[in-house]
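The lines below spell out each chain.
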Amino acid sequence: MHIRKIHPWTKNYAKAVQIQRELSNALILKKDHGKICTVAGADVSYDKYSDLVFAAVIVFRCNKNLEKIEEATAIEKAMFPYIPGLLSFREAPVLLKSFKKLKTAPDIILFDGQGIAHPRFLGLASHLGLILDKPAIGCAKSCLVGEYSAVENAVGAYSNLIYKDKMVGVALRTKLNTNPIFVSVGHKTSLSFATQFVLKVCRGYRITEPVRQAHLLVNKLRVQNIKKTQRISSIT
DNA sequence: GCGACAG
DNA sequence: ATCTTGTCGC
């Protein structure tokens, strides 16, 4: 799929922050799409013993079975450290490399991270939604910024996530007796649609099925790659 | 200065 | 995120 080149992947923290401030103004924080027929889940994995970063994206048909349409993976060297608030500068390059391999562009994309529930309102899902020019939703497993009240223990229950007097997302219960996940708009969709959509693509786990499958695939890729590397080094 | 802090 | 087995609870 097409990758828009909006800005360089700087390694300078101050510049990265400035880029986030500028890009956040270009976000479309409303439902800007028709019926969603395909959905993609994306995730990243790291190798503790090297500086390699792995990515996987899987596209599904939005039916009951979430039939898999296509998948793509990529490997890249980590060029940016993990800094809360600057996650996209670490994970976006390898993710884009995998998205570039997709033949079919999904109608919406689910990311393992925040959308606008972010210090400068530009989390991973928002940043990539802009670059890919696609509706995107942030599905984080923990909270980065904002405050919220306790969520009732019932699937579908949620509480608003407030940051700087703005509603930036929701803490959503996707599974009984399990901590809620944090859903926020990434780009080109609304919070209400994102919330309902996330619930529709959950399959008995806390994490949405598209992201969960991408997580399983990227970890498989990492383990295979590590084993392959060890086979080669034992011969050499 | 102190504490918080997606993956 | 990553290193890792069993184990407590629904």
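What you see is a predicted model; the values in this text were computed from it and never measured. (Residues numbered from 1 in each chain as written. Chains lettered and ligands numbered in written order. Predicted model: local features only at pLDDT ≥ 70, side-chain atom pairs only at ≥ 80, totals over all residues. Heavy atoms only, no water.)

Surrounding DNA strand C, one finds S45, Y46, K48, Y49, K141, N177, N219 and R222. Taking all atoms of DNA strand C within 4 Å of the protein, the share assigned to sugar and phosphate is 100%. Take S45: an N or O atom from its side chain is 2.7 Å from a phosphate oxygen of DNA strand C. Contact distances for DNA strand C include 3.3 Å between a phosphate oxygen and a side-chain N or O atom of K141. Contributing elements (two or more residues each) for the surface near DNA strand C: β1 (38–46) and α5 (209–235). When its residues are assigned to classes, the surface near DNA strand C shows 2 nonpolar, 3 polar and 3 charged. (Near = heavy atom within 4 Å. Polar contact = N/O pair within 3.5 Å; in protein donor to acceptor, adjacent residues only side chain to side chain. Helix = DSSP H or I, 4+ residues; strand = E, 2+ residues; numbered from the N terminus. Nonpolar A, V, L, I, M, F, W, Y, C, P; charged D, E, K, R; others polar.)

So, on to the sheet that holds strand β3 (residues 68–77). Strand order in the open sheet formed by 8 strands is β3-β2-β1-β4-β5-β8-β7-β6, and the pairing between neighbours is mixed. Lying at the two open borders of the sheet, with one neighbouring strand each, are β3 and β6 (158–163). The mean inter-strand angle of the sheet, taken between neighbouring strand axes irrespective of direction, is 25°. Where strand β5 (residues 136–140) meets strand β8 (residues 181–187), 5 bridges bridge the pair, whose relative direction is antiparallel. Note that in β8 the partner of A140 across the bridge is F182. (Pairing = 2+ DSSP bridges. Axes fitted to C-alpha atoms, helices over the stretch in contact; angles between N-to-C directions.)

By size, the foremost hydrophobic cluster in this structure holds 26 residues, and its most contacted members are V39, I108, L110, I137, V183, F197 and V198. Sorting the residues of this core by element identifies β2 (52–61), β4 (108–111), β5, β7 (166–172), β8, α4 (191–200) and α5 as the ones contributing at least two each. Excluding residues within four positions of it along the chain, F197 makes contact with I36, V39, C62, I108, L110 and I137. A40, A92, I109 and L128 belong to the second largest nonpolar core, which has 25 residues in total. (Core = buried A, V, L, I, M, F, W, Y, C linked by side-chain atoms within 4.5 Å. Buried < 20%, exposed > 50% of the residue type's maximum accessible area, 1.4 Å probe, protein only. Contact = heavy atoms within 4.5 Å.)

Okay, the packing of aromatic side chains next. Applying the stated criterion across every chain yields a total of 7 aromatic pairs. With a centroid separation of 5.4 Å and an interplanar angle of 75°, the aromatic rings of W9 and F89 are classed as edge-to-face. One end of the pair, W9, is in the segment before α1 (13–24); the other, F89, is in helix α2 (residues 87–99), with 80 residues separating them in the sequence. With a relative accessible area of 29%, W9 lands in the partly exposed category. Linked through ring pairs, W9, Y13, F80 and F89 together constitute an aromatic cluster. (Phe/Tyr/Trp six-rings, centres within 6.5 Å; stacked < 30°, edge-to-face > 60°.)

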